[in-house]
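Residue-level structural notes
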Amino acid sequence: MVHKEVNKNFLEIMTIYPKLILNALANVRYPGTGKNLVEAGMVDDNIRIEGMKVSFSLIFDKPTDPFIKSVVKAAETAILTYVNKDVEITGNISVITKQAPRPEAGELLSGVKNIIGVSSGKGGVGKSTVAANLAVALAKLGYSVGLLDADIFGPSMPKMFQVEDARPYAEQINGRDLIIPVEKYGVKLLSIGFFVDPDQATLWRGGMASNALKQLIGDGNWGDLDYFLIDLPPGTSDIHLTIVQTLALTGAIVVSTPQEVALADARKGINMFTNKKVNVPILGMVENMAWFTPAELPENKYYIFGKEGAKKLSEEMNVPLLGQIPLVQSIREGGDEGKPVALNEDSVTGLAFMRLAERVVQQIDKRNAEMAPTKIVELKKT
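The residue numbers shown here count from 1 along each chain, following its written sequence. Totals for whole chains, interfaces and linings use every residue, but because this is a predicted model, local features are given only for residues with pLDDT of at least 70 and side-chain atom pairs only at 80 or more, for both listing and counting. Note that water and hydrogens are dropped before the side-chain values are worked out from all heavy atoms of the structure.

Considerations on the overall build of the protein
A helix here means a DSSP run of H or I that spans at least four residues, while a strand means a run of E at least two residues long, and both kinds are numbered starting from the N terminus. From N to C terminus, the protein includes eleven helices and 13 strands. For the protein, with 382 residues in total, the buried portion stands at 47%. Note on contacts: a residue pair qualifies if any of its non-hydrogen atoms lie within 4.5 Å across the two residues. Taking all contacts inside the protein whose residues are at least 6 apart in sequence as the whole, residues at least 24 apart take part in 73%. Of the roughly 19700 Å² of accessible surface on the protein, a fraction of 51% belongs to carbon and sulfur atoms. A 1.4 Å probe rolled over the protein chains alone gives each residue an accessible area, and that area as a share of the maximum for its type sets the label: buried under 20%, exposed over 50%, partly exposed in between. Method for areas: the Shrake-Rupley scheme with a 1.4 Å probe, in which residue coverage is limited to the protein chains shown.

In structure tokens form, the structure reads like this:
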């Protein structure tokens, strides 16, 4: 009797073979296309059978596919129904996705050494001009540099780099579709301006803007960089919160003009980053439009917005003054023509931006030597 029972089990086990599994899975339809799993090519060829234990993989296009759980459950049920109710299948179906999942927040920009936010308390102080020229100056110093135009509602980097007609494309890299940044003047650049109509206002709610920004960060093929600059919107907004909750900023640079109204907003911007809940180091301030120098009188300085206001504020708030940039017509012309003045380091303004870049490098090295690495901010409701 024992011998016969063994033979019975042996014959029962032998009746399970890959074709039976495929026939069973042909009864399960994928809701996204209406095709059965076999017809849709969603069953991996490597079906493993060990006694009554069956295991295999199902292939989905994306890790965010909403039907993954229900399809896996339906596949388990089909095998128990059409093959054998005693098959060990529950928990043995793995999922393969054609597109690898986006890295978690802490893994984003893993190849970037330093992430710097360029901020201003208000608009109109030349923050984007400083960010663009700082990026170019760092590249001219020999560093690998990336620049993200995070000013969602007023993207200006495409114009400043003369790449308004650029249309970045996606390329599959390591199982993920990644956006290839535009490269100009040695800087890798992405901006929401590449993906919207420049003649139309961008009317997005905060959540839409934040999601677009996260995609430019997480789905950009930034690679290995020494410095990753983020041109933030003026003031304080949801975008700033999105950034500090998505990336661990090495530090922030605050741009201001010398006038009192700008300094009042700059003070608020500094307080936002140094708030206990945010706690992002301030690398220093940049005083833009520090004085006006006419081209025909390069030695003359006219303090039309006030004198050394940002310098005084930096001393008051105990943050370094990284540089003072004069108000010169060539800066405006360079921005409009897509040729940042930092490209010409022999000019007064080009030299000012090169000195700014050198000072930023020194300050970041000092910050990294004296402070622990920054962490992603977790803002909790009180």
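Moving on from the model shown.
Examining helix H2 (residues 18-25)
Residues separated by three or four positions in an α-helix point in the same direction, a consequence of the helix having 3.6 residues per turn. For H2, the full list of buried residues reads Ile21, Ala24 and Leu25. Each buried residue of H2 sits inside an arc of 95° when the element is viewed along its axis, so together they form one side. Tucked inside the fold, the buried residues of H2 contact strand E2 (53-60) and helix H3 (68-82). Think of the arc as the fan of directions from the helix axis to the C-beta atoms.

Regarding the sheet that holds E2
In any sheet, the strands associate via hydrogen bonds between backbone groups, in a parallel or an antiparallel arrangement. Read from one edge of the open sheet, three strands run E1-E2-E3, paired in mixed fashion. Either end of the sheet is taken by a strand with one partner, and the two such strands are strand E1 (48-50) and strand E3 (93-97). Each adjacent strand pair in this sheet contributes to an overall mean axis angle of 20°, direction not counted. Pairing between two strands is assigned when DSSP locates at least 2 bridges connecting them. Orientation is described by axes fitted as lines to C-alpha atoms, over the contacting stretch for helices, and by angles from 0 to 180 degrees between their N-to-C directions.

Focus on the packing of helix H4 (residues 127-140) against helix H11 (residues 348-370)
Running from N to C, H4 and H11 point in directions that differ by 75°, and their axes come no closer than 8 Å. Considering the angle they form, H4 stands roughly perpendicular to H11. Facing Thr129, Val130, Asn133, Leu134, Ala137, Leu138 and Lys140 of H4, the residues of H11 in contact are Phe353, Met354, Leu356, Ala357, Val360 and Val361. For the contact of H4 with H11, the class distribution of residues is ten nonpolar, two polar and one charged. We call two directions roughly parallel when the angle between them is under 35 degrees, roughly antiparallel when it is over 145, roughly perpendicular when it lies between 65 and 115, and oblique otherwise. Residue polarity follows a fixed list, in which Ala, Val, Leu, Ile, Met, Phe, Trp, Tyr, Cys and Pro are nonpolar, Asp, Glu, Lys and Arg are charged, and the others, Gly among them, are polar.

Points about a nonpolar patch on the surface
Each patch groups residues whose relative accessible area exceeds 30% and which form no salt bridge, using 9 Å between like charges and 5 Å between nonpolar side chains of Val, Leu, Ile, Met, Phe, Trp and Tyr. The term salt bridge refers to a pairing of a side-chain nitrogen on Lys or Arg with a carboxyl oxygen on Asp or Glu at a separation within 4 Å. On the surface, Phe292, Leu297, Tyr302 and Ile304 cluster together into a nonpolar patch covering about 350 Å² of accessible area. Along the chain, Tyr302 turns up in the loop between strand E12 (282-292) and helix H9 (309-316).

Focus: the sheet that holds strand E13 (residues 321-327)
Reading across from one edge, E8-E9-E5-E10-E4-E11-E12-E13 is the order of the eight strands in this open sheet, with mixed pairing throughout. Strands with a single pairing partner mark the edges of an open sheet, and in this sheet they are strand E8 (182-184) and E13. Sheet twist, expressed as the mean angle between neighbouring strand axes with direction ignored, is 25°. With five bridges connecting them, E12 and E13 associate as parallel partners.

Topic: the packing of H2 against H3
Contact geometry of H2 with H3 gives a least axis separation of 8 Å together with a crossing angle of 120°. Relative to H3, the element H2 is oriented oblique. The chirality of how H2 crosses H3 is right-handed. Along the contact surface, H2 presents Ile21, Ala24 and Leu25, while H3 presents Ala75, Ala78, Ile79 and Tyr82. Here the contact of H2 with H3 is composed, by residue class, of seven nonpolar, no polar and no charged. Crossing handedness is read from the near helix: turned anticlockwise from the far helix by less than a right angle, it gives a left-handed crossing, and turned clockwise, a right-handed one.

Points about the packing of aromatic side chains
Here is the rule: rings of Phe, Tyr and Trp (six-membered ring for Trp) pair when centre to centre is within 6.5 Å. Planes less than 30 degrees apart are stacked, more than 60 are edge-to-face, and the remainder are tilted. Following the criterion strictly, the structure yields seven aromatic pairs and no others. Ring geometry for Tyr30 versus Phe67: centroids 5.7 Å apart, planes at 90°, classification edge-to-face. Placement of the pair is Tyr30 in the loop between H2 and E1 and Phe67 in the loop between E2 and H3, with a sequence separation of 37 residues. The class of Tyr30 is buried, set by a relative accessible area of 12%. Among the residues examined, Phe67 registers a relative accessible area of 29% and is labelled partly exposed. Taking 5.1 Å as the distance between ring centres and 85° as the angle between the ring planes, the aromatic pair formed by Tyr143 and Tyr227 counts as edge-to-face. Taken together, the residues span a long stretch of sequence, with Tyr143 in the loop between H4 and strand E5 (145-149) and Tyr227 in strand E10 (residues 225-231) at a distance of 84 residues. On the accessibility criterion, Tyr143 (29% relative accessible area) is partly exposed. Using a relative accessible area of 4% as the deciding quantity, one classes Tyr227 as buried. Taken together, the ring pairs in this structure connect Tyr30, Phe60 and Phe67 into an aromatic cluster. Placement of a positive charge over a ring is assigned whenever Lys NZ or Arg CZ falls within 6 Å of the ring centre and within 35 degrees of the normal to the ring plane. One cation-aromatic arrangement involves Lys301 over Trp291; the distance from NZ or CZ to the ring centre is 4.0 Å.

With respect to the nonpolar core
Grouping buried Ala, Val, Leu, Ile, Met, Phe, Trp, Tyr and Cys residues that are joined through side-chain atoms within 4.5 Å yields what is termed a nonpolar core. If you look at the biggest cluster of nonpolar residues, it comprises 83 residues, and the most contacted ones within it are Leu148, Phe161, Phe228 and Ile230. Broken down by element, the residue count for this core peaks at nine residues, all from H4.

Examining the environment of Tyr169
Relative to the helices and strands, Tyr169 is located in the loop between helix H5 (157-160) and strand E6 (170-173). Taking the C-alpha atoms as reference points, Tyr169 and Val182, separated by 13 residues in sequence, lie 9.3 Å from one another. Sequence-distant contacts of Tyr169, that is, excluding residues within four places in its chain, are made with Leu178, Ile179 and Ile180.

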